[in-house]
There are 2 protein chains.
Amino acid sequence: MAFACSVVANEPFVNLATAHDRSSSPTEAVKHLQVQNEIKKSSPSWFLSLTSAVSNLLQLDLRVNKLPFEQSDSKSTSGSCFVFNNEIPACSPKEEISFLRSAIHGPGDWSPLLEPLHPSFRREIVKYGELAQATYDAFDSNPVSKYHGSCLYGRHRLFPALGLSHHGYVVTEYVYATSHVHLPNWLVRSFFPSLWSDDSNWMGFVAVSGDAESRRIGCRDIVVAWRGTVCPAEWIEDLQDKLEQLPHAPDDVRVEHGFLSIYNSRSQTSHFTRSSASEQVMPELLRLVELYKKKGEEVSVTITGHSLGGALALLNAAEAGSLLPKDVAVKVISFGAPRVGNEEFGDMLRRDGVKILRMVTKQDVVPKMPGLFFNEGLNRTGWEWIYEHVGDVLELDAGASPYLKKGVVDIAGFHGLETYLHLVDGYDRTEGGFRVGARRDVALVNKAKGLLREELAIPANWFQPANKGMVKNEFGRWVLSGRDPEDIPSPCAANICGACSSTV
Amino acid sequence: MAFACSVVANEPFVNLATAHDRSSSPTEAVKHLQVQNEIKKSSPSWFLSLTSAVSNLLQLDLRVNKLPFEQSDSKSTSGSCFVFNNEIPACSPKEEISFLRSAIHGPGDWSPLLEPLHPSFRREIVKYGELAQATYDAFDSNPVSKYHGSCLYGRHRLFPALGLSHHGYVVTEYVYATSHVHLPNWLVRSFFPSLWSDDSNWMGFVAVSGDAESRRIGCRDIVVAWRGTVCPAEWIEDLQDKLEQLPHAPDDVRVEHGFLSIYNSRSQTSHFTRSSASEQVMPELLRLVELYKKKGEEVSVTITGHSLGGALALLNAAEAGSLLPKDVAVKVISFGAPRVGNEEFGDMLRRDGVKILRMVTKQDVVPKMPGLFFNEGLNRTGWEWIYEHVGDVLELDAGASPYLKKGVVDIAGFHGLETYLHLVDGYDRTEGGFRVGARRDVALVNKAKGLLREELAIPANWFQPANKGMVKNEFGRWVLSGRDPEDIPSPCAANICGACSSTV
């Protein structure tokens, strides 16, 4: 079901027929086709590539809607028009990629898989990105919620609740963090500290691949996903731009002290951060690695995160790289992450064989912080105070996607993790920079942003619960719905009782 | 289940236990009671009245939480605290009020019912207000919806969908309007004009009381409900402040020409407004009046609306008052309505025996427009250009409600219809201006506003569909959900075919 459509004078056109309404009839379609000639003159040039990209992407016969534009010469941006089809599956069937185990999960860098980007590696990057996205989607950001700052779901329900079970991972532990450094807009506080915590936030999870997924990728994959702060505006405040020595590392290794504080701080007043994030994650990593190595399995550790979460992933990888057995490859897949430490910090990660792939969007300001924009260009001999990025880079360009608004500077939009996942899915240096075979649902870009072109008719910031969680109770009063007992945050998830985290 | 609770230093306190979570235990309650002594010193003075109002309202034993504050002398606003109970039914059982038929629906003004406000009349005012609120709650305001500007539901489904069936009315017709006068921010346009209309908006409905409700109130009640524009900011632009002669009325009767244009304009390009709003409503009113008078029933006509809708209600009442049989009382119940016409317009309504009750909140600016703020104070002999309000007034005061934020100027909040309904429900010149017996759900105030005190822990603007109407289809893609065929706007509802509207 796909057809082109009419124009409202001076309004960007939206074909909502398939997007909004299963009742659209062929006769309706015909009616719309009739008005295409009117559109002809007003069809903008960018529109051609947009039409063909979208249409190819959705495997449509282009004859129908190419015709009106073939002789188009106008540069007007009014009356844009393309077909849209929501009946192409958003994800492709899973393939066996165990033969790529050493290339993806073994030692040695990733550059052979990057240019051109190996299709199976692309999918793995998106998989890890979606696990990182879970830390945002499941974060309780409702300021009047009792559990504001916690995870909305118990760890056993996280993936099912977010529709991520198909990745084949099981959460073994939740990670909470606090900080003793003032980081504006980082920590959110619950009005009801006695019910969970007023100085801790849920920061992510440790998960492990199930048997089927382990067979598919050729190893038992232990994942740590770290939540970031979402808004770059906060970032600019957050970054203290102050380097501090990394404990248990050579004297000259320095990292940003705000990140380190989140990773290492404890709080005696909270059940959830009596141990620091580091003290919650590392024993669980060691436990799982030992558990599966004892079974004679190949084990890999993949640490992922977006924004601040990408910085924490790097600190976590530095610790894991030095504490885990050398035959366990420690990898970082980060999205829009800032710089974390100095050159010596990078050297330490390289020495420990930590593999790092940083997804960086040209238009995203966060990876340019902290430090100087031209940082990497400097000859920094002896400048140990200068921040340095480390690892392989996959450079993305928001301008390459035909789905994203043109000519807008949307700092939050460019930084959004869903935007990153969209650009990774479409990444291709050929084909005009965005591959026509991309399948990932474009609508996800607007979950918490408004970066999609109006023509796609996807509401901005659409990811929201009905009535912000208010439900009508049996007395006819609207109240915030309570949580199921299994979704109420439990200190067990913060690894202060061994019993819970031992059930993989 | 009700208990008081702890304070987060420098944070306004929120007791979410009953509001959010059915799992709150008595022991939890006890824990919270223990910290009340800490609160004692920081309890603000306004808090005492708030506590007692809310507690009385909810019929709670105050001993528990009065104690900590009895000797309170602090003026600090931190650490406010009160009990909250969501297990009191939000609406009381319906009573037989046919004995009030002539007082409410007969000739003669309403002043005898107003001071003190008769409890049964109060409920009738709220009932009509809720019917007017339906025109907002069911308006498709999603800019990317195909039917943007229409009603979300077919007329048979409107009341069930909004949970208003208990009022016992049936919608007989939908009303659409257009305008030939430029009224900024009045008309919203669909991107998909061919599917419904690009120059018409749904403006309300005609409904009639069913047999049970007719028996209860003592007459067959025909209601017209008019939608307004929501934001006062738009208002200030909208009002052209230009008087124009009212057709079919004495020469000197003048009304605001923007309102008149919406009420009287036709459009040949739209199936929905080939006849004007007036031409849709009046034949339906005449049809229903004749239908029920033939059956020998007492018939009344009640026209209601908020904001712009209140102005349209007055124009509609002027026409109904002159065209309907004189033994049918025409009444207007308006909320936050602006001035509509000059003194002679008021005289005309009085001559035709139109009964008008205007709900006006002291803090709402809209009823002060258009014209001069001190308008009514003027001796306007011969000043026929001056706007004048007409009818009885129920003056409400947002300051009287213990639930609304203090010391804020929230123009949109004070103007909101749900705020009006809350203040009508609590209206009482004694008892500190807000009656403790008020039962209407306070949470409704925040449906589309943020006027409730933080202590109530009700999210602002909570009335919203899950994911803005996006649903995951069988192909794993997020799409805007389509409408059921019966909810797709049909020109029949706009009275251009007799068949539909003849089914009462």
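Residues numbered from 1 in each chain as written. Chains lettered and ligands numbered in written order. Predicted model: local features only at pLDDT ≥ 70, side-chain atom pairs only at ≥ 80, totals over all residues. Heavy atoms only, no water.

## Topic: the overall build of chain A
- What chain A contains, in helices and strands, is 18 helices and 13 strands.
- The buried share of chain A, reckoned over its 504 residues, is 60%.
- Once local pairs closer than 6 in sequence are excluded, the contacts in chain A between residues at least 24 apart make up 73%. (Helix = DSSP H or I, 4+ residues; strand = E, 2+ residues; numbered from the N terminus. Buried < 20%, exposed > 50% of the residue type's maximum accessible area, 1.4 Å probe, protein only. Contact = heavy atoms within 4.5 Å.)

## A look at the environment of Ala317 of chain A
Residues and elements named next belong to chain A.
- With respect to the helices and strands, Ala317 occurs in helix H14 (residues 308-323).
- Along the primary structure Ala317 and Ile356 are separated by 39 residues, whereas in three dimensions their C-alpha atoms are 9.2 Å apart.
- In this view, Ala317 contacts Ile303, Val330, Val332, Leu349 and Val354; residues no more than four positions away in its chain are not counted.

## As for the side chain of Ser270 of chain A
Residue and element names in this part refer to chain A.
- In this structure, Ser270 sits in the loop between helix H12 (257-264) and helix H13 (277-294).
- Within the local environment of Ser270, its side chain forms a polar contact with the side chain of Ser200, the two groups lying 2.8 Å apart.
- From its side chain, Ser270 meets the backbone nitrogen of Phe272 in a polar contact 2.9 Å long.
- Every residue in contact with Ser270, bar those within four places of it in the chain, is listed here: Ser197, Asp199 and Ser200. (Polar contact = N/O pair within 3.5 Å; in protein donor to acceptor, adjacent residues only side chain to side chain.)

## Considering the sheet that holds strand E6 (residues 299-306) of chain B
All names here are of chain B.
- The seven strands are arranged E1-E2-E3-E6-E7-E9-E11 in an open sheet whose pairing can be described as mixed. Edge strands, defined here as strands with exactly one partner in the open sheet, are strand E1 (169-177) and strand E11 (392-396). Within the sheet, the average angular offset between the axes of one strand and its neighbour, ignoring direction, is 15°.
- Two elements, strand E2 (residues 201-209) and strand E3 (residues 220-226), share five bridges in a ladder whose sense is antiparallel. (Pairing = 2+ DSSP bridges. Axes fitted to C-alpha atoms, helices over the stretch in contact; angles between N-to-C directions.)

## Notes on helix H12 (residues 257-264) of chain B
All names here are of chain B.
- The element H12 is largely enclosed, with a buried count of seven among its eight residues.
- Of all the positions in H12, only His257, Gly258, Phe259, Leu260, Ser261, Ile262 and Tyr263 are classed as buried.
- At the N-terminal boundary of H12, the capping side chain belongs to Glu256, with an oxygen 2.8 Å from the backbone nitrogen of Gly258.

## Details of the sheet that holds strand E11 (residues 392-396) of chain A
Residues and elements named next belong to chain A.
- Strand order in the open sheet formed by seven strands is E1-E2-E3-E6-E7-E9-E11, and the pairing between neighbours is mixed. A single partner strand is all that each edge strand has here, and the edge strands are strand E1 (169-177) and E11. Taking each pair of neighbouring strands and ignoring which way they run, the sheet shows an average axis angle of 15°.
- For strand E3 (residues 220-226) and strand E6 (residues 299-306), the ladder comprises seven bridges, and the chain directions are parallel. Along E6, the bridge assignment pairs Ile222 with Val301.
- In the packing of H13 onto the sheet, the strands contacted are E1, strand E2 (201-209), E3 and E6, and the crossing angle to E1 comes to about 155°.

## So, the pairing of E3 of chain A
- With seven of seven residues buried, E3 of chain A is to be regarded as a mostly interior element.
- Where burial is concerned, the two faces of E3 of chain A agree: the one with Arg220, Ile222, Val224 and Trp226 of chain A and the one with Asp221, Val223 and Ala225 of chain A are both buried.

## Details of the pattern of salt bridges
- Applying the stated criterion across every chain yields a total of 55 salt bridges over all chains.
- The partner of Arg157 of chain A in a salt bridge is Asp487 of chain A, and the shortest N-O contact between them spans 2.3 Å. Of the two residues, Arg157 of chain A sits in the loop between helix H8 (119-137) and helix H9 (158-162) while Asp487 of chain A sits in the loop between strand E13 (478-480) and helix H18 (498-501), which places them 330 residues apart along the sequence.
- The exposure class assigned to Arg157 of chain A is partly exposed, which follows from its relative accessible area of 28%.
- Under the relative-accessibility criterion, Asp487 of chain A is labelled buried at 5%.
- Across the pair Glu213 of chain B and Arg216 of chain B runs a salt bridge, and its minimum N-O distance is 2.9 Å. Taken together, the residues span about one helical turn, with Glu213 of chain B and Arg216 of chain B both in helix H10 (residues 211-217) at a distance of three residues. Judged on exposure class, the residue Glu213 of chain B and its partner Arg216 of chain B are both buried.
- Salt bridges linked by common partners bring Lys94, Glu124, Lys127, Glu213 and Arg216 of chain A together as one network. (Salt bridge = Lys/Arg side-chain N within 4 Å of Asp/Glu carboxyl O.)

## Description of empty space enclosed by the protein
All names here are of chain A.
- All told, the structure shown has eight cavities of 30 Å³ or more when counted by the stated rule.
- Here the second largest cavity is characterised by a volume of approximately 70 Å³.
- Lining of the second largest cavity is provided by 13 residues; of these, Leu314, Ala337, Pro338, Arg358 and His389 occupy positions nearest its centre.
- Its residues assigned to classes, the lining of the second largest cavity comprises seven nonpolar, three polar and three charged. (1 Å grid on protein atoms, 1.4 Å probe; cavity = no way out; pocket = protein on both sides within 12 Å on 5 of 7 lines; lining within 4 Å. Points joined across faces, edges and corners; volume = space filled by probe spheres on them. Nonpolar A, V, L, I, M, F, W, Y, C, P; charged D, E, K, R; others polar.)

## Regarding helix H13 (residues 277-294) of chain B
All names here are of chain B.
- For H13, with 18 residues, the first-to-last C-alpha span of 26 Å sits near the 26 Å given by 1.5 Å per residue.
- When H13 is considered as a whole, its buried residues turn out to be Ala277, Ser278, Gln280, Val281, Met282, Glu284, Leu285, Leu288, Val289 and Tyr292.
- Gly296 sits one or two positions beyond H13 and adopts a positive phi of about 75°. (Expected span 1.5 Å × (residues − 1).)

## Overview of the packing of aromatic side chains
- For the structure on display, the rule yields 18 aromatic pairs over all chains.
- Both rings, one in Trp462 of chain A and one in Trp478 of chain B, keep their centres 4.8 Å apart while their planes meet at 40°; by these two values the pair is tilted. Separated into two different chains, Trp462 of chain A in the loop between helix H17 (417-426) and strand E12 (470-472) and Trp478 of chain B in strand E13 (residues 478-480) make up a pair that spans both.
- When its relative accessible area of 0% is taken as the criterion, Trp462 of chain A is described as buried.
- Classification of Trp478 of chain B by relative accessible area gives buried; the value is 18%.
- An aromatic cluster is present here, built from Trp462 and Phe463 of chain A together with Trp478 of chain B joined pairwise through their rings. (Phe/Tyr/Trp six-rings, centres within 6.5 Å; stacked < 30°, edge-to-face > 60°.)

## Regarding the side chain of Ser209 of chain B
All names here are of chain B.
- Looking at the secondary structure, you find Ser209 in strand E2.
- The class for Ser209 is buried, based on a relative accessible area of 1%.
- A polar side-chain atom of Ser209 sits 2.8 Å from a polar atom in the side chain of Ser214.
- Those residues in contact with Ser209 that sit more than four places away from it in its chain are Gly168, Tyr169, Ser214, Cys219, Arg220 and Asp221.

Remember that the coordinates give geometry; whether it matters functionally is a separate question.
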